[in-house]
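In case you want the letters, here they are:
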Amino acid sequence: MSHEFDYYVLLFFLLAFAGWLWEVILYVFTEHAFINRGVYRGPYLPIYGVGGLLLCLLFHSFRKKPVRVFFLSMLLCSVLEYLTSFFLERRFGVRWWDYSGHFLNISGRICLMGAVTFGIGGSALVCLFLPFYEKMYGRVPKKWRVVLGMAFLLVFIMDAAYCAVHPNMGKGISS
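Summarised in this report is the structure supplied together with it. Computed from a prediction, not measured in an experiment: that's the story for all the values here.

Focus: the overall build of the chain
Working step 1: In terms of regular secondary structure, the chain is built from five helices and zero strands.
Working step 2: Each helix and strand of the chain, placed in order from N terminus to C terminus, yields the pattern α-α-α-α-α.
Working step 3: In terms of C-alpha radius of gyration, the chain reaches 17 Å, essentially the compact-globule figure of 16 Å for 175 residues.
Working step 4: If one aligns the C-alpha atoms of the chain with their principal axes, the spans along those axes are about 45 × 40 × 30 Å.
Working step 5: Split into buried and exposed, the 175 residues of the chain put 41% on the buried side.
Working step 6: Considering only residue pairs separated by 6 or more positions, the chain has 72% of its internal contacts joining residues 24 or more positions apart.
Working step 7: Carbon and sulfur atoms form 73% of the exposed surface of the chain, whose accessible area is close to 10,200 Å².
Working step 8: Treating the 16 positive side-chain charges of the chain as one cloud and the 9 negative ones as another, the clouds have centres 6 Å apart.

Written out as structure tokens, the structure is:
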């Protein structure tokens with residue numbers, strides 16, 4: 001699977017936004033409050049963008065094998081979530097999530113329910129969403145894809161620089 005750089009940039013931001021939206025909606029229903037989840041201020045969670053890109057790159061050839069993609073997604077996303085949690089806690093001394101009360105958790109960083117959710121999401125992403133994305137991507141003129149990708153990257157870089165010093169923390173965001 002080889003595409004131009006803007007393909008991956010736009011896919012990253014689409015997945016990072018989808019992850020942010022998923023977590024915001026989840027907290028609206030569970031905590032009855034809007035909470036901007038994650039380290040950054042913008043409406044994106046890079047862990048979802050990175051994880052989604054990895055799933056698309058590594059498991060693209062398994063598109064017709066959703067059960068295999070499910071289990072591989074569980075494994076890959078759980079490893080990514082564990083390592084990200086570990087890094088963030090070491091870097092900032094704070095946890096952005098804690099699954100200590102969940103069944104089959106490892107150090108509160110990952111749990112079975114999260115792994116299964118990632119497996120379902122990974123299967124849907126690779127087997128259903130990615131073919132749709134590829135069709136839509138091809139319909140957008142290259143000039144607009146590049147401009148949009150550069151704008152997203154510029155905003156993201158500024159947000160990352162600011163949040164390297166002042167990460168998004170507080171009630172419902174970090175513990």
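Details of the packing of helix α2 (residues 46-59) against helix α3 (residues 66-92)
Working step 1: Relative orientation of the contacting elements α2 and α3 amounts to 145°, with a least axis distance of 10 Å. Relative to α3, the crossing made by α2 is right-handed. Residues Ile47, Val50, Gly51, Leu54, Leu55, Leu58 and Phe59 of α2 form the contact with α3, whose own contacting residues are Val69, Leu72, Ser73, Leu76, Cys77, Leu80, Glu81 and Thr84.
Working step 2: When grouped by side-chain class, the residues that make up the contact of α2 with α3 number eleven nonpolar, three polar and one charged.

Some details on the layout of surface pockets
Regions of empty space are outlined by a rolling probe, equal in size to a water molecule, passed over the atoms.
Working step 1: Estimates place the volume of the second largest pocket at around 210 Å³.
Working step 2: Together, Leu10, Phe13, Leu14, Phe17, Pro43, Tyr44, Leu148, Ala151, Phe152 and Val155 line the second largest pocket.
Working step 3: At the level of elements, α1 (5-31) and α5 (142-165) are the ones that each hand at least two residues to the lining of the second largest pocket.
Working step 4: Of the residues assigned to the lining of the second largest pocket, the class counts are ten nonpolar, no polar and no charged.

Topic: unusual backbone geometry
Working step 1: Here the phi dihedral of Leu104 falls at roughly 50°; this positive angle occurs in a residue that is not glycine.
Working step 2: Positionally, Leu104 belongs in the loop between α3 and α4 (112-139).

Concerning the packing of aromatic side chains
Working step 1: On inspection of all chains with the given rule, the structure shows 19 aromatic pairs.
Working step 2: Between the aromatic rings of Tyr7 and Tyr137, the centroid separation amounts to 5.0 Å while the plane-to-plane angle is 85°, which identifies the pairing as edge-to-face. Here Tyr137 lies in helix α4 and Tyr7 lies in helix α1, a separation of 130 residues in the sequence. A single burial state applies to Tyr7 and to Tyr137, both of which are buried.
Working step 3: Taking the centre distance of 5.4 Å and the plane angle of 45° together, the rings of Phe13 and Phe152 count as tilted. Note that Phe13 is positioned in helix α1 and Phe152 in helix α5, a separation of 139 residues in sequence.
Working step 4: By relative accessible area, which is 7% here, Phe13 ends up buried.

Rules behind the numbers
- By convention here, each chain's residues receive numbers from 1 onward along its written sequence.
- Local features in this predicted model are restricted to residues whose pLDDT is 70 or higher, and side-chain atom pairs enter the listing and the counts only when it is 80 or higher, whereas totals over whole chains, interfaces and linings include all residues.
- The side-chain numbers reported here are obtained from all heavy atoms of the structure, hydrogens and water having been left aside.
- The way it works is that DSSP assigns letters per residue, a run of H or I at least four long becomes a helix, a run of E at least two long becomes a strand, and they are numbered from the N terminus.
- Our radius of gyration looks at C-alpha atoms and nothing else; its globule reference is 2.2 Å times the residue count to the power 0.38.
- Between buried and exposed lies partly exposed: a residue is buried under 20% and exposed over 50% of the maximum accessible area for its type, with that area taken using a 1.4 Å probe on protein chains only.
- Should any heavy atoms of two residues lie within 4.5 Å, those residues are counted as being in contact.
- In this description, accessible areas are obtained by the Shrake-Rupley approach with a 1.4 Å probe, and a residue is regarded as covered only by the protein chains that are shown.
- In this tally Asp and Glu are treated as negative and Lys and Arg as positive; neither His nor the chain ends contributes.
- Here the site of a charge means atom NZ of a Lys, CZ of an Arg, CG of an Asp or CD of a Glu.
- Working convention: axes come from line fits to C-alpha atoms, limited for helices to the stretch in contact. Angles between N-to-C directions cover 0 to 180 degrees.
- Helix crossings are classified by the rotation of the near helix relative to the far one: an anticlockwise turn of less than a right angle makes the crossing left-handed, while a clockwise turn makes it right-handed.
- In this classification, the charged set is Asp, Glu, Lys and Arg, the nonpolar set is Ala, Val, Leu, Ile, Met, Phe, Trp, Tyr, Cys and Pro, and all remaining amino acids, among them Gly, are polar.
- Only protein atoms enter the calculation, which uses a 1 Å grid: trapped sets of points that fit a 1.4 Å probe without letting it out are cavities, open sets showing protein on both sides within 12 Å along at least five of seven lines are pockets, and any residue with an atom within 4 Å of a point is a lining residue.
- Grid points are joined across faces, edges and corners, and a volume is the space filled by probe spheres set on the points.
- Between 30 and 60 degrees the pair is tilted, below 30 it is stacked and above 60 it is edge-to-face, where a pair is any two Phe, Tyr or Trp rings, Trp via its six-membered ring, whose centres lie within 6.5 Å.

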